[in-house]
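If you want the building blocks of each chain, they are given just below.
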Amino acid sequence: MCLAVPGKVLSLHERDGTLMSVVDFGGVHKDVCLQYIPDAAVGDYVVVHVGFAIQRLDEQSALQTLAEFERLGVLNEEFGDGFAIAAKQAGVENPETTQQRDDPEVTS
């Protein structure tokens, strides 16, 4: 599933002539392109789809949406460990977890 997820703009920077930002999605930080919303400011909430901020959102709506996504497990699907999610969906053990358990160099 590919969703548009609200997040809070934490910082602004330019990369190769493109306006970018670090956006906080309920604790997960991702680089996001702001070219569609060039006047976005630190502290604004934006809706992000496939790495692009596509619109602004008020704080209350953003926080309510993030809380609902968290309750439904959507944030984990979007931002969680892809191997763990795929293994769970396939009904098998996560190969990365198995490798860590079997490797004496890896400690918990």
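Residues numbered from 1 in each chain as written. Predicted model: local features only at pLDDT ≥ 70, side-chain atom pairs only at ≥ 80, totals over all residues. Heavy atoms only, no water.

As named in an unreviewed UniProt entry, the protein chain is HypC/HybG/HupF family hydrogenase formation chaperone, taken from Nocardia xishanensis. Reading the Sequence similarities (unreviewed entry) entry of the UniProt record for the protein chain gives the comment "Belongs to the HupF/HypC family." (UniProt positions renumbered as here; feature names shortened; annotations may be inferred.)

Novice: Help me understand the pattern of salt bridges in this model?
Specialist: Where charged atoms from two side chains of opposite charge come close, those side chains can pair. For the structure on display, the rule yields 4 salt bridges. Asp-31 is the salt-bridge partner of Arg-15, the closest N and O atoms lying 2.8 Å from each other. Of this pair, Arg-15 sits in strand E1 (residues 4-15) while Asp-31 is found in strand E3 (residues 28-33), placing the two residues 16 residues apart along the sequence. Given a relative accessible area of 42%, Asp-31 falls into the partly exposed group. The network of salt bridges with shared partners includes Asp-39, Asp-44 and Arg-56. (Salt bridge = Lys/Arg side-chain N within 4 Å of Asp/Glu carboxyl O. Helix = DSSP H or I, 4+ residues; strand = E, 2+ residues; numbered from the N terminus. Buried < 20%, exposed > 50% of the residue type's maximum accessible area, 1.4 Å probe, protein only.)

Novice: What is the right way to read the pairing of strand E5 (residues 52-57) from this model?
Specialist: One face of the sheet, then the other: side chains in a regular strand alternate in exactly this way. Here 5 bridges tie strand E4 (residues 45-49) to E5, and the two strands are oriented antiparallel to one another. Across the sheet, residue Val-47 finds its bridge partner in E5, namely Gln-55. Between the end of E4 and the start of E5, which pair antiparallel, lie 2 residues, with Val-50 showing a positive phi angle near 45 degrees. (Pairing = 2+ DSSP bridges.)

Novice: Before we go on, may I ask you to explain unusual backbone geometry in this structure?
Specialist: One non-glycine residue with positive phi stands out, namely Asp-16, at about 50 degrees. Looking at the secondary structure, you find Asp-16 in the loop between E1 and strand E2 (18-25). Of note in this structure, Val-50 is not a glycine but carries a positive phi near 45 degrees. Assignment of secondary structure puts Val-50 in the loop between E4 and E5.

Novice: How do you make sense of the environment of Glu-14 when you look at a structure like this?
Specialist: Within the secondary structure, Glu-14 sits in strand E1. Residue Glu-14 is classed as exposed on the basis of its relative accessible area of 64%. Along the sequence, Glu-14 and Leu-34 sit 20 residues apart, while their C-alpha atoms lie 9.7 Å from each other.

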